[in-house]
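# Notes for the structure review
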Amino acid sequence: MAQSLSDAHILVSMTYASRANPDVSAKDFNEILQQANENNAANGITGMLIFNKNYFLQTIEGPRAQINRLLYSLIADTRHHDLQIIETRELKHRDWAKWSMNYASPTPANAAIYLKYSTTLDFNPYLLSAEAANNLMHELSTQKSS
Ligand SMILES: Cc1cc2nc3c(=O)[nH]c(=O)nc-3n(C[C@H](O)[C@H](O)[C@H](O)COP(=O)(O)O)c2cc1C
């Protein structure tokens, strides 16, 4: 696919929700993370991925052309389905510059953070506003490293 030079210099982020396929396990999640880390480091992509209650919530950020290319791969990936874009925007700077792919899974310690941004007791990223999704990911990330 041809990639225009100007596209490669525009930084964008995309946040989406999806449903994991029923046979996706914690081991598969680790494989996805490893694949994401390897590819993203090579493609100038950074971001954050949450796996909880069979849902994924992910932000990817990087050159516009690479983010669009990854979107096609994600849509075609049979480990999840119903990919729904929550937000895309241009960035002045990256939010996740330190991570090829940061991540969070549910733990007793972070349960209250999921609830803080949810209207339902069960985590459901399809119900989150873009702002809530973003705040949730940042709080989970801060809590993990503190
Ligand atoms: C929830 C989820 C998140 C993913 N995140 C990334 C990612 O951040 N970067 C990436 O390259 N692939 C990611 N993948 C994998 C891609 O869908 C696709 O399998 C991969 O990019 C193809 O890589 P390959 O060309 O090296 O086989 C993710 C897959 C899933 C199911």
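Reading the values: rules and limits
Residues numbered from 1 in each chain as written. Predicted model: local features only at pLDDT ≥ 70, side-chain atom pairs only at ≥ 80, totals over all residues. Heavy atoms only, no water. Phe/Tyr/Trp six-rings, centres within 6.5 Å; stacked < 30°, edge-to-face > 60°. Near = heavy atom within 4 Å. Polar contact = N/O pair within 3.5 Å; in protein donor to acceptor, adjacent residues only side chain to side chain. Areas by Shrake-Rupley, 256 points an atom, 1.4 Å probe, with all protein chains shown as cover. 1 Å grid on protein atoms, 1.4 Å probe; cavity = no way out; pocket = protein on both sides within 12 Å on 5 of 7 lines; lining within 4 Å. Sits in = over half its atoms within 2 Å of the grid points. Helix = DSSP H or I, 4+ residues; strand = E, 2+ residues; numbered from the N terminus.

With that settled, consider the packing of aromatic side chains. Counting across every chain of the model gives eight aromatic pairs. Each member of the aromatic cluster is reached from another via a ring pair, and the members are Phe 29, Phe 51, Phe 56 and Tyr 103.

The next thing to look at is the site of the ligand. Around the ligand, a shell composed of 15 residues is seen, among which Asn 39, Asn 40, Gln 58, Asp 77 and Arg 79 lie nearest. A distance of 2.7 Å is found between a nitrogen atom of the ligand and a side-chain nitrogen or oxygen belonging to Asn 40. Contact between the ligand and Asp 77: an oxygen atom at 2.6 Å from a side-chain N or O atom of the residue. Expressed as a share of its isolated accessible area of 620 Å², the protein-covered part of the ligand is 77%. Given that more than half its atoms are within 2 Å of the pocket grid, the ligand belongs to the largest pocket.

Let us now look at unusual backbone geometry. Here the phi dihedral of Lys 53 falls at roughly 50°; this positive angle occurs in a residue that is not glycine. Tracing the sequence through the fold places Lys 53 in the loop between β2 (46-52) and β3 (55-63). The backbone of Asp 82 shows a phi angle near 55°, a positive value even though the residue is not glycine. Assignment of secondary structure puts Asp 82 in strand β4 (residues 80-90).

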